[in-house]
Amino acid sequence: LGVPLLTGLAGSSSTGTLLRSRRPLPRPFSRRLTIPAELAPVRREGEADVYEIEQRVGRADILDGVGTPIWGYNGTFPGPTIRSRSGRPVVVYHRNALPVPTVVHLHGGHTPAEHDGYPTDLLLPEGSAGQHPAGHGGAVTVGRRGYAYPMNQPAATLWYHDHRMDFTGPAVWRGLAGFHLVGDAEEEALPLPRGQRDLPLMIADRAFDQDGTLRYPSRSDDLLGSPGVHPPYQAGVLGDVILVNGQPWPTAEVAGTHYRLRLLNASNARRYRLRLDPAPPGALVQIGSDGGLLPGPVRHDSIDLAPAERVDVVVDFARWRPGQHVTLVNDFGEDAGTGRVMRFEVGDAVADPARVPARLSADHRTLRRADATRTRSLVFQSRDTGGAHHWLINGRPFHPERVDVAPRLGSVEIWRLVGDLHHPIHLHLSHFQVLSRGTGGPRGTDAGWKDTLDLLPGEPAEIIVPFADYPGRYVFHCHNLEHEDMMMMGNLTVG
Ligand code: C2O
Ligand code: CU
C-alpha cells in the first residue's frame, strides 16, 4: 500500500500510511489559489435562510492534463462556502445524487441532535428503496432532507463534511467537505481584514493514480456499505500532494497589508506544523480557534494543526519586501512535497485600516475546575489482534446502541484524555476549554473554545466542557478519519 508510518515516534507527526501518487504532479506553486464559491440562500422559511445543495459526482481540475472524479457538494471540492450569521437560523437541504448513502455534519455547530448528522442517520441516494442494512435504527431519509441549524453560537470558522458510520474517511477523501463561516456583530465591529483579505484555506493531502483518480485503499465493493466490512486501511491515509482549496501547492498574490487566513486541516490523518518561510518572529498572529475569536491575539512562529482543527491567523504582509515569495511550509512533512503547503507572492504595500486589536472577543468566560461536577477518564488506544488494528475508546469499539458517556443537561464536566498515538479528539455539540497537557498547562494554540484537541502520544490532557442546553444523542470520536471509521467513536448522550 505504501510506507507505513504507524508511529508516535519523536519528531514524527502523523499516524498512517503514506500513499504515493502514480503520475507526474503539477510543479509546486504553478497553480493559483482559488477560493470556494459562496452559496446564496434560495429563499426564507420563517426566520431561516434556506440553502440547497446537491451531492453529486463531479470532475475537479487538480492535475495537469486530466480531470479527477470527485464526490462533491454541488459537485465541487471544496464544496461551496456557506456564510451565516449568529442567531439567524439556517436550513440546508441536501439532495443525495451520489451512488452511496451520506450523512452531513456541521463540524463545530451547536446543533440539536436530530440535525447533527448522527453517523447512522443516513440520507440514501435518491430513487433507492427505503431501509438500509447499516441504518441501525437511525433516522433514514431517501433522496433529500433538510438540516436545520439554529446558529446559536458566536462568529467562527466551521466546516461541514460527510459523517457516515464506517465510511467517513473515503467520502471526505473523495471531496465531501466545505466551509461554513459564521459572523456576528462583535466580529464585524473589529477592524480585522475582510472581503478579499479574509481567506478560508482548506488544507488536505491526497494521492492520485495514473488516470488522475484519487487513490484510496478501499475495495470498490465496500462503497455501498456492508456493515462490518472494513477496507484494509488501519492507521490513517496520508497522501503525497498537499492541496489548498483543492489546488496542489497553490500561489496567492497578496498586497503588502493584513490578511486573515482561516486555516483548516481537512486531511484524513495528516498533522501539520505550519510556518511561514522566511518570516520574522511571531508572524502568525492567532485571533481565533475552533469555536471563534480569542479574548486577545496570540503570536506564533509555527502552529501545529491536527485533523479538523481550525486556527484563524492574521498575517501582515507589509513585513516582507514587495516581490518576495513567502512559503507556507509544513515542518512535519516526510519530503519536499509534503513539506510545503502554498506560497504567497507579496505585492506593493497598500494603505488599509485593518489591524489586530489587543482585545478581540469580550464574550469569553474562562471555565474553572470548580465549575465541574464530574470527571471522566477516556483512553484512546489501538489493539493489534493478529494483523488487524482496532481503534478503541476505553477498550470498546463504537456501537450505535450503547450509551458511553451521559452528562446531565446543564452540567459541566472535566474529561481526562489519554492516547497511545496521535489522536485528534473531537466532541460534537459542545465546545470546550483545555485545562492541562501532561504536567503543564495548555499550549499556545489551545487557547479559546475548542472542539478538537490535538492529543499527543502518551501525554494526558484535560478538557472542561459544558453541556448547557440541547439534550440528545451525539458522538465524540477521533478525527483521524480512518481511526473513526475503525470504531474509535463513542456515544455522547446528554439528558
Ligand atoms: Cu468533523 Cu464528528 O466530525
Ligand atoms: Cu485516532
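Residues numbered from 1 in each chain as written. Chains lettered and ligands numbered in written order. Predicted model: local features only at pLDDT ≥ 70, side-chain atom pairs only at ≥ 80, totals over all residues.

- Per an unreviewed UniProt entry, the protein chain goes by the name Spore coat protein A and belongs to Plantactinospora mayteni.
- Its UniProt record gives the protein chain a comment under Sequence similarities (unreviewed entry), which states: "Belongs to the multicopper oxidase family." (UniProt positions renumbered as here; feature names shortened; annotations may be inferred.)

Some points on unusual backbone geometry
Of all residues except glycine, most have a negative phi; of all peptide bonds, most are trans.
And step 1. With omega at -5°, the peptide bond leading from Phe77 into Pro78 counts as cis.
And step 2. Position of Pro78 among the secondary structure elements: in the loop between strand E5 (66-73) and strand E6 (82-85).
And step 3. In this chain, Asp277 is followed by Pro278 through a cis amide linkage whose omega measures -5°.
And step 4. With respect to the element layout, Pro278 can be found in the loop between strand E20 (272-277) and strand E21 (284-289).
And step 5. Although it is not a glycine, Phe29 adopts a positive phi angle of roughly 70°.
And step 6. As for its position among the elements, Phe29 is in the loop between strand E2 (16-18) and strand E3 (43-45).
And step 7. Of note in the backbone geometry, Leu429 takes a positive phi value of approximately 75° without being a glycine.
And step 8. Considering the arrangement of structural elements, one finds Leu429 in the loop between strand E30 (423-427) and strand E31 (433-437). (Helix = DSSP H or I, 4+ residues; strand = E, 2+ residues; numbered from the N terminus.)

Focus on the pairing of E30
If a strand is regular, its side chains alternate between the two faces of the sheet.
And step 1. Across the five residues that make up E30, a large majority, five, are buried.
And step 2. Relative to strand E32 (residues 452-455), E30 runs antiparallel, the two being bridged by four bridges. Paired with Ile425 across the strands is Leu453, a residue of E32.
And step 3. Pairing geometry for E30 and strand E34 (residues 472-478), over three bridges, is antiparallel. Within the sheet, the bridge partner assigned to Ile425 lies in E34 and is Cys478. (Buried ≥ 20, exposed ≤ 12 C-beta atoms within 10 Å, placed from the backbone. Pairing = 2+ DSSP bridges.)

Some words on the sheet that holds strand E25 (residues 325-330)
And step 1. Pairing within the open sheet is mixed, and its five strands lie in the order E18-E26-E25-E20-E23. Here the strands that pair on one side only, and so sit at the sheet edges, are strand E18 (251-256) and strand E23 (303-305). Averaged over all neighbouring strand pairs, the angle between strand axes comes to 25°, with direction disregarded.
And step 2. In this sheet, E25 lies alongside E20 in antiparallel orientation, the contact comprising four bridges. Bridging across to E25, Arg275 finds its partner in Val329. (Axes fitted to C-alpha atoms, helices over the stretch in contact; angles between N-to-C directions.)

Remarks on the sheet that holds strand E12 (residues 156-162)
And step 1. One open sheet accounts for four strands, arranged E6-E13-E12-E8; its pairing is mixed. Every interior strand has two partners, whereas the edge strands, E6 and strand E8 (104-107), have only one. Between one strand axis and the next, the sheet turns by 25° as a mean value, whatever way the strands run.
And step 2. Pairing between E6 and strand E13 (residues 177-183): four bridges, direction parallel. Bridge pairing in E13 links Ser84 to Val182.

Thoughts on the pairing of E8
And step 1. Going residue by residue along E8, you find Val104 and Leu106 tucked away on one face and His105 and His107 tucked away on the opposite face as well.
And step 2. With four bridges connecting them, E8 and E12 associate as antiparallel partners. Paired with His105 across the strands is His161, a residue of E12.

A few points about the domain arrangement of the protein chain
Interface extent is often summarised as the accessible area lost during association of the parts.
And step 1. For the protein chain, the domain assignment lists domain 1 (23-190), domain 2 (196-349) and domain 3 (369-494).
And step 2. If you average the C-alpha positions of domain 1 and of domain 3, the two centres end up 24 Å apart.
And step 3. Here the side of domain 1 that touches domain 3 is built from residues that sort into six nonpolar, six polar and two charged. (Domains from an automatic or database assignment. Nonpolar A, V, L, I, M, F, W, Y, C, P; charged D, E, K, R; others polar.)

Re the confidence of the model for the protein chain
A low pLDDT means the predicted coordinates there should not be read in detail.
And step 1. Per-chain confidence: the protein chain averages 92 in pLDDT, with 92% of residues scoring 70 or above.
And step 2. Here residues 219-232 scores under 50 on pLDDT; set against residues more than four positions off or in separate chains, the count is 17 contacts.
And step 3. With pTM at 0.95, the complex prediction returns an ipTM value of 0.99. (pLDDT = per-residue confidence, 0-100. Contact = placed C-beta atoms within 7 Å.)

What to know about the nonpolar core
Generally speaking, nonpolar side chains in soluble globular proteins are found buried as a group.
And step 1. Within the largest apolar cluster, 87 residues are counted, with the highest numbers of intra-cluster contacts made by Met202, Ile203, Leu263, Val313, Val315 and Val341.
And step 2. Among the elements that make up this core, the one with the highest residue count is strand E4 (residues 48-63) (five residues).
And step 3. Looking at which domains feed residues into this core, each of domain 1 (23-190) and domain 2 (196-349) supplies at least three.
And step 4. Leaving out residues up to four positions away in the same chain, Val341 has contacts with Ile203, Ile242, Val244, Leu274, Leu328, Val329 and Asn330.
And step 5. Core analysis: the next-biggest nonpolar cluster, separate from the first, contains 33 residues, Leu455, Val475, Met486 and Met487 among them. (Core = buried A, V, L, I, M, F, W, Y, C linked by C-beta atoms within 7 Å.)

Focus on the environment of Thr68
And step 1. By the element assignment, Thr68 lies in strand E5.
And step 2. Along the primary structure Thr68 and Val42 are separated by 26 residues, whereas in three dimensions their C-alpha atoms are 29 Å apart.
And step 3. Those residues within four positions of Thr68 in sequence are excluded, and the remaining contacts are Arg59, Ala60, Ile62, Leu63, Phe208, Gly212, Thr213 and Leu214.

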